[in-house]
Structure formats: C-alpha cells, structure tokens
Amino acid sequence: MIFQRALRRELVSTAGAVFTTLFTITITVMLIRILGQAAGGRVDSRDVVELIGFEALKLLPILLILTGFISVLLVITRTYQDSEMVVWFASGLSLTRWIQPILAFGLPIIVLTGFLSFVATPWANRTSMEFRQRFEKREDISKISPGKFQESSSSARVFFAEGTAGDASKVKNIFVNTLMGDRTSIVVAKEGTVELNSRGDKFLVMHKGRRYDRVPNQ
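Small disclaimer: the values here were computed from a predicted structure and weren't measured.

**Q** Describe helix α2 (residues 48-81), and please don't skip the residues or the numbers.
**A** By the largest-angle criterion, Leu59 marks the main kink of α2, which is about 45°, and a proline, Pro61, follows within four residues. At the exit of α2 stands Ser83, carrying a positive phi of roughly 65°.

**Q** Give a description of helix α1 (residues 2-39) that names residues and reports values.
**A** Because an α-helix packs 3.6 residues into every turn, residues spaced three or four apart end up facing the same way. With 38 residues, α1 extends 55 Å from end C-alpha to end C-alpha; this agrees with the ideal 56 Å at 1.5 Å per step. For α1, the complete set of buried residues consists of Gln4, Leu7, Leu11, Thr14, Ala15, Val18, Thr26, Met30, Ile34, Gln37 and Ala38.

**Q** Could you give an account of unusual backbone geometry, naming the residues involved and the relevant values?
**A** Even without a glycine there, the phi angle at Asn173 is positive, about 50°. Here Asn173 is to be found in strand β3 (residues 167-180).

**Q** Quick rundown of the pattern of salt bridges? Include the residues and the values.
**A** Per the stated rule, a full pass over the model turns up five salt bridges. Ionic pairing is found between Arg33 and Glu55, a salt bridge with its closest N-O pair at 3.6 Å. With Arg33 in helix α1 and Glu55 in helix α2, this pair connects stretches of sequence that are 22 residues apart. Overall, the relative accessible area of 38% leaves Arg33 in the partly exposed class. The partner of Asp213 in a salt bridge is Arg211, with the nearest N and O atoms 3.1 Å apart. Overall, Asp213 belongs to the partly exposed group, its relative accessible area being 40%. On the accessibility criterion, Arg211 (52% relative accessible area) is exposed. Three or more residues joined by partner-sharing salt bridges are found here, namely Glu10, Arg78 and Asp82.

**Q** Residue-level account of the nonpolar core, with values.
**A** Generally speaking, nonpolar side chains in soluble globular proteins are found buried as a group. Judged by nonpolar contacts, the single largest core of 15 residues is most densely connected at Leu7, Leu11, Val75, Trp98, Phe105 and Leu116. Secondary-structure elements contributing two or more residues to this core are α1, α2, α3 (84-90) and α4 (99-142). Counting residues per element, this core draws most heavily on α2, at five residues. Not counting chain neighbours up to four residues away, the residues in contact with Phe105 comprise Leu11, Val12, Ala15, Gly68, Ser71 and Val72.

Calculation criteria
- Residues numbered from 1 in each chain as written.
- Predicted model: local features only at pLDDT ≥ 70, side-chain atom pairs only at ≥ 80, totals over all residues.
- Heavy atoms only, no water.
- Bend = angle between axes of the 7 residues up to and from the residue.
- Helix = DSSP H or I, 4+ residues; strand = E, 2+ residues; numbered from the N terminus.
- Expected span 1.5 Å × (residues − 1).
- Buried < 20%, exposed > 50% of the residue type's maximum accessible area, 1.4 Å probe, protein only.
- Salt bridge = Lys/Arg side-chain N within 4 Å of Asp/Glu carboxyl O.
- Core = buried A, V, L, I, M, F, W, Y, C linked by side-chain atoms within 4.5 Å.
- Contact = heavy atoms within 4.5 Å.

In structure tokens form, the structure reads like this:
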C-alpha cells in the first residue's frame, strides 16, 4: 500500500509537469497562428481569446493522452535507472503489481478524454466556425461602397449597391452574385438597410427583391 500511494503521487506530480509543458507549448503556437490570422484580416482581433480557447478545447484530448503515456513512461524509466525495480523484484513481486495503481491513475484521464472528445470538442468546432463565418459576413457588409462592384473575402460573391443621399444606412438597386459550387445565385433588390443586431454584427436587409438560382447550361 505504501508503494502504491507513493507511485500514484509520483504519477500525478509527473503528469502535472508534463501537461503544463505540453499545454504551454501548444497555447504559444496557437497564439502566434491566430494573431497572424487576425493581423491578416482573416479573423476578428476581438475574438482572439475566444478562438484560442476553442482551439485549446479541440486539442485537450490529445494532450491528455500524451500526458498519461509520457508520465507512466517517465516514472517506470526512473525506477529502473535508480535501481528501485531491482529491490522490487528481489522482494518477490512482479511487474503486474504496477497495473492497479497505473489504472487508478489513468481512469480519470480516460473519462475526461471521452467527455472532451464527444461533447466539448464538437461544440468548440461548431462555435469556432460560427465566429469565423460571422466575421466574414461582417467584413463583406463593411466593404459595401455605393456605386462600386465589390468582391467578398472568399471570392465567391460580388455585390453592388447605389447609395441613398443623406442616409448612409440605406442603399438602393442592390445586385449580389454568389457562386455556390456549380450553381450561381443572383439577388436583385430595389432597396435595403444596414442594421446592427444585439451583438453589434452588421447585416444588410434587402427589400422588394428577387433571387434567381441557375445551373450552367440549364
């Protein structure tokens, strides 16, 4: 029992050091990558912290599995190097007696990894995609310049609008051409208004318009 308690304490302390090291390296790499995307205009600079959190949630299952494996490997290696295993074998005990404390150490990691893989990671993927799509739409609306044809950041949409004198939030004679795979969608509207929702996102609401969907050669 003394041996098992000492082994569990050593496994936990080693796992804490290993996880801290891996997590710090991962967060640093993600921070550099996301800051580069924000500087390049691909994500909103106000969403950097949230995006880092989502990326961390997606990588946590892998980090936990690596932490468990490396911790067990380091502890077993140290016991051989310090000749503790010689004393262990000389006492008439086999290596199979390590299974119980290692399983007790690894079971919480397995449960947490399963929860993150089936619940937290899908939610982080979905929410991160929503953040990026919302920013792309907001960027498209911010590019609207009355009297000029503009292209979206994804190069899949071209839009045009005429301004209304005296009110920057209103436009008229709107034209939007969107390419969706092999289909083309054209929207024309007589007028539209630029509105903000409760979260401050900008949308163009079109009125008195029509939409035409077509497939080439049809």
